[in-house]
Structures are given as structure tokens and as C-alpha cells.
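# Chains, contacts and geometry: an overview
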Amino acid sequence: MEHDKLHEECGLIGIWTDQHHAIGEKLYDGLISLQHRGQESAGIAVNQYGQIVQYKNVGLVNEVFDEDRINSLAGSLGVGHVRYSTTGRPDRRNAQPLVTTFKGGQMALAHNGNLVNAKQLRDELIDDGYTFETALDTEVITRLIAKLYQGDMAETIQQVCSVVQGAYALVLMVGEVLYGIRDPYGLRPLVLGKTPEGEWVLASETATLDLLGADLIRDLAKGEIVEIKQGEMRSWMFDDTKPQAFCSFEFVYFARPDSIVEGKTVLSVRKQLGAILASYDDDTYDLVAPVPDSGIAAAIGYSHAAKIPYTTVLMKNKYIGRTFLNPTQEQRDRALRLKLNVQREEVFGKRIVLVDDSIVRGTTMKKLIHQLKAAGAKEVHVRISSPPVIHACHFGIDTPTNKSLIGAQMTHAEICRHIGADSLKFLEIRDMLRATGMEKALCKACFDGKYPMAVPKTADKFVFEKEI
Ligand code: SF4
């Protein structure tokens, strides 16, 4: 239920081929496969005989692009982007890729993540006479490239990466060359693949490679730059001194279940999270049900481990669009009623385990429990396949302020009472880490406040956004 979740900011794709063809179609397909990572704007930029041509707008990928538009985006290489906006109303200006002309030619940049020193860098660039057209920290990167470029693009990227701090996965097209870059902590995902025809693909998730018929070569390493030029790939590390801190929420919620993240299938990790939750319970229940779609994999894992039947009790209307954009509580309530309905005969008189992947504000869960009980459920026991979110994310995830985070405001017992559940259990942090097999390589700051790098005060984060 989107409006009660954290939101990922972006999905990225870049494709390099050795011939001019309908690359727009492939980029479009790739963006469709990444739509879950951002639903507020979409954009594609292609190299068309040496000129970058682009189109971007607010909306879902299939709202932004029609067939004519896709066909007009022919070229030999290109980049694409889907975005979830964290800066107020969606605005075409803030859609990506960002296309800029600089003394090295033209570039198109797509960014996933958030820079923690963007405000300081932006102020310095303004002092140097640079102007800004968007509210994006991504524009700080393009301006820095323009400022630092001395003729060697690889060298320039390295210099920029030594200045910017924070989370960034980047796909950058400069002339006929495609770059993929991951920050020194590897906070955001980026994978490299290649088709049997020799096309190179960079994407946020492996599901995109599957769709495009590309074989996964590997995840880019933290602090790595990959360059694809004239069909050859070379890569180098620009910083291998930092510990990996991959976003644990990719496993819990953001990534597609059919993607492979850092060598693990997301679906199998989520089932394991559910199985561990089941090990916390001695009691037996009549059925295990997911909050669709976010709780499905963990509910299956719980059901298998506990040997309790898995049952769909909340029916989802797939044809309802994005509910989180609805501004008032009344509209959101209506959207929830449109989106989910209770399967009455399945719940009547039953003791239900209701599984979801997270509770952020608690508003949706409260309403769902109310609906289940109104339909005759005897008991509803809520199990959450992640720890409570109690701290803001500074790395590109749209976390509410601490005031709206129910985990930061209430004890477990209070949350349980507030949402009207008969019991409530969250996954322990150590168990979440264990299930991913990346115990020491994950960012878990929104659960324990231990950020992998110095972050600005939350207030500063919003000052930057308000100034624009
Ligand atoms: S703070 Fe949380 S949401 Fe943000 S990068 Fe770290 S684990 Fe992911």
C-alpha cells in the first residue's frame, strides 16, 4: 500500500549498441521493468548521430511515451530514468535524465540516490557563477563535471566522485561513451549485463536484463566506474577504502522479487524473512495472509515454515493507479477502499496472521485490521518482515520526518494498540541481516540510526529542497 511505505527515488537504465537502431523501444521496455522504483516521472535520452535527443515528463512510463515518441528516439546508445519525486509536486523540470552541453560535448545523466553534501557543493558552484535549473542534487554532479573537465572524461568523473558524498548510482552518456558509477559505499544498486548480440546494458535491477535478453555479468562494485566505449568495457576503482553499506530496504521492499541483488534472489530472501518471523511464534493460527503485494513473499515464507495455510484475504484491484498522490486523508481512505476488499468468507471467525514488509506511519495497517475485524475476523496478529523504521534516510529514500514514523513515536505495545492488532511482532535487525547473507555489508540506518557516513541534520536536508 504505497502511501504508507517508504519510497524509492529512481530506476536507471543505459544501453550501448554498435549500430543506430530503435533503441528507444529497448529503453522504454527497460523503464517499464523498473516502474516500481519510481512512478512520478520518466525520461529517455539517446545519442542520435552524435546529437543527444531526449524526452521526459511527469507520469508513468506508458503515459509519458507513446509509440511515435518511442520511434523518434532511435540511436546507438541511450539512458533512461524513472523517478519518485521527494520535492513537492511532480515537475517536468525535475525529471531525468539531465542533458547538458559542456566543453566536452553533450552529456545525459541519470542518478539514483541522494548526495549528503549537495547544499554545500551547490552553494560553492553558485559562488563560482554556475546557475541551476532544477531542484535536483543530480544537477550538482553535471555542473561539477562541466567545471572540472579538462579533456579527459574518465579523469573528470573520478575527480567528481572524490568531491560528492552520499548515495549515488549513475548512468552517464557522454558522446558515444556510456559510464556506470556506484558510490564508495554501494548504497544503491547497479548491475552490468550483455546480450549475445554484444549490446551492453546497465540497470538498477537484473529483472531489466532478463527482459532485454542480457546476461548478468555482475553487480558494479562499490566505488567502481565502468566505461563502455567502442564495444569494449573497462572498469576501475576510484575508492575502495569504504565499507559496503548496501540499502537493506532493497531486500525488504524496493527491489522486484525476481531480481538478483548482490548474488541473492530477492524472493528467496523475503521468504526467509517470513520464515524467521514464524520462528518467533509458538501459538498456532488458522491462516497466514499477506498485505498485497508487499507482504506476499514473507507471508509465503511464514506459511511454509509454520505449516499454516496461506490464504488471500485482501483482494487487490490491480487497475487502481497510484494512491499515494492523493493529498487528503479522506481521499486516501477512499483510494484504499477502492484498492482492497476483504474476502469475508475466508476471515469470518478466524485467527489470522497478517504479514507485511514494513510499517512506516501505521495508517494503512490500522484500516486493514479494522476492515478484517468488521468482516468477522476473530483475531489479527500482525507480523512485519523488517525492524521498525525509526530514523530518516539521507540517501535518497523518501522517509517521513520522525514525527510521522510510528516506530519512532510509540513502543511496540503502543503501536499494537494503535493499529488494533491482537499482537504485533517485528523482525529483529540481526535476523534481517542474517537472512540476506550480507551481515556486515548493509546500511540499516533507518532501523538503528547508525549511518555509514556523516549526514546533515534532518533540518538541513529540507532546507536544500525548500530553497529551490
Ligand atoms: S537509511 Fe534505510 S532506506 Fe536509507 S539507505 Fe539506509 S537502509 Fe536504505
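Remember, it's a predicted structure, so these values are computed and weren't measured experimentally. (Residues numbered from 1 in each chain as written. Predicted model: local features only at pLDDT ≥ 70, side-chain atom pairs only at ≥ 80, totals over all residues. Heavy atoms only, no water.)

### Some words on the overall build of the chain
A tally of regular secondary structure across the chain gives 18 helices and 23 strands. For 468 residues, the compact-globule estimate of 2.2 N^0.38 gives 23 Å, and the C-alpha radius of gyration of the chain, at 22 Å, lies within 12% of that figure. Expressed along its principal axes, the backbone C-alpha trace of the chain runs to roughly 70 × 45 × 40 Å. Here the analysis covers contacts within the chain between residues at least 6 apart in sequence; of these, 69% occur between residues at least 24 apart. With 54 positive and 60 negative side-chain charges, the chain shows a separation of 6 Å between the mean positions of the two kinds. (Helix = DSSP H or I, 4+ residues; strand = E, 2+ residues; numbered from the N terminus. Rg over C-alpha atoms; globule rule 2.2 N^0.38 Å. Contact = heavy atoms within 4.5 Å. Lys, Arg positive; Asp, Glu negative; His and termini not counted. Charge placed at Lys NZ, Arg CZ, Asp CG, Glu CD.)

### What to know about the confidence of the model for the chain
Segments scoring low in pLDDT should not have their predicted coordinates read at a detailed level. Looking at the chain, pLDDT values average 91 and 93% of them are 70 or higher. Across residues 459-468, confidence stays below pLDDT 50; counting only partners more than four residues off in sequence or on other chains, it has 17 contacts. (pLDDT = per-residue confidence, 0-100.)

### Side note on the sheet that holds strand β21 (residues 379-384)
The four strands lie next to each other as β17-β20-β21-β22, forming an open sheet whose pairing is parallel. Of all the strands in the sheet, the pair left with one neighbour each is β17 (287-290) and β22 (423-426). Put simply, the sheet's adjacent strands are angled 20 degrees from each other on average, direction ignored. Each of β20 (351-356) and β21 touches helix α13 (residues 363-374); the most contacted strand, β21, lies at about 150 degrees to it. (Pairing = 2+ DSSP bridges. Axes fitted to C-alpha atoms, helices over the stretch in contact; angles between N-to-C directions.)

### Let's talk about the site of the ligand
Neighbouring residues of the ligand: Leu187, Arg188, Cys247, Ser248, Cys393, Phe395, Ile397, Cys443, Ala445 and Cys446. Within the shell around the ligand, the residues separate by chemical class into eight nonpolar, one polar and one charged. (Near = heavy atom within 4 Å. Nonpolar A, V, L, I, M, F, W, Y, C, P; charged D, E, K, R; others polar.)

### Looking at helix α10 (residues 296-306)
Looking at α10, one finds that the buried residues are Ala297, Ala298, Ala299, Gly301, Tyr302 and Ser303. In this structure, the buried side of α10 is in contact with α9 (266-279), β17, β20 and β21. Looking one or two places after α10, you find Lys307, whose phi comes out positive at around 55 degrees. (Buried < 20%, exposed > 50% of the residue type's maximum accessible area, 1.4 Å probe, protein only.)

### Some points on the sheet that holds strand β11 (residues 215-219)
What the seven strands build is an open sheet, ordered β3-β2-β4-β1-β10-β9-β11; its pairing is antiparallel. Only two strands of the sheet have a single neighbouring strand rather than two, namely β3 (51-58) and β11. Here the average twist between neighbouring strands, direction ignored, is 15 degrees. Taken together, the eight bridges between strand β1 (residues 10-21) and strand β4 (residues 75-83) define a ladder with antiparallel strand orientation. Note that in β4 the partner of Ile15 across the bridge is Gly78.

### Overview of unusual backbone geometry
Look at the link from Gln96 to Pro97: it is a cis peptide, with omega at 5 degrees. Note on placement: Pro97 falls in the loop between β4 and β5 (98-102). With omega at -10 degrees, the peptide bond leading from Pro292 into Asp293 counts as cis. Take Asp293: it is sitting in the loop between β17 and α10. For Gln230, which is not glycine, the phi dihedral falls at a positive 50 degrees. Mapped onto the elements, Gln230 comes out in the loop between β12 (224-229) and β13 (232-237).

### Quick word on the side chain of Glu224
Note that Glu224 resides in strand β12. A relative accessible area of 3% means that Glu224 is categorised as buried. Side chain to side chain, Glu224 and Arg218 meet in a polar contact 2.7 Å long. For Glu224, the contacting residues outside a window of four places in its chain are Gly180, Ile181, Arg182, Arg218, Ser235, Trp236, Met237 and Phe238. (Polar contact = N/O pair within 3.5 Å; in protein donor to acceptor, adjacent residues only side chain to side chain.)

### Section: the packing of aromatic side chains
Under the defined criterion, the tally for this structure stands at eight aromatic pairs. Between Phe246 and Phe251, the aromatic rings sit 5.9 Å apart at their centres with planes inclined by 75 degrees, giving edge-to-face as the arrangement. Given the relative accessible area of 0%, Phe251 is considered buried. With 6.1 Å between their ring centres and 70 degrees between their planes, Phe395 and Tyr451 make a pair best called edge-to-face. Separated by 56 residues along the polypeptide, Phe395 in the loop between β21 and α14 (406-409) and Tyr451 in the loop between α17 (445-448) and α18 (458-467) bring together distant segments of the chain. Members of the aromatic cluster, connected to one another through ring pairs, are Phe249, Tyr253, Phe254 and Phe447. A cation over an aromatic ring shows up here: Arg143 above the ring of Phe132, its NZ or CZ 5.7 Å from the ring centre. (Phe/Tyr/Trp six-rings, centres within 6.5 Å; stacked < 30°, edge-to-face > 60°. Lys NZ or Arg CZ within 6 Å of the ring centre and 35° of its normal.)

### Points about the pattern of salt bridges
Between side chains of opposite charge, a pair can form as their charged atoms come close. Scanning all chains against the criterion turns up 22 salt bridges. The closest approach of N and O atoms between Arg37 and Glu250, which form a salt bridge, is 2.8 Å. Here Glu250 lies in helix α8 (residues 249-254) and Arg37 lies in the loop between α1 (23-33) and β2 (41-48), a separation of 213 residues in the sequence. Both residues of the pair, Arg37 and Glu250, belong to the buried class. Lys119 is paired through a salt bridge with Asp123; the nearest N and O atoms lie 3.1 Å apart. With Lys119 and Asp123 both in helix α4 (residues 118-127), this residue pair falls four residues apart, about one helical turn. Overlapping salt bridges bring together Arg37, Arg188, Glu205 and Glu250 as one network. (Salt bridge = Lys/Arg side-chain N within 4 Å of Asp/Glu carboxyl O.)

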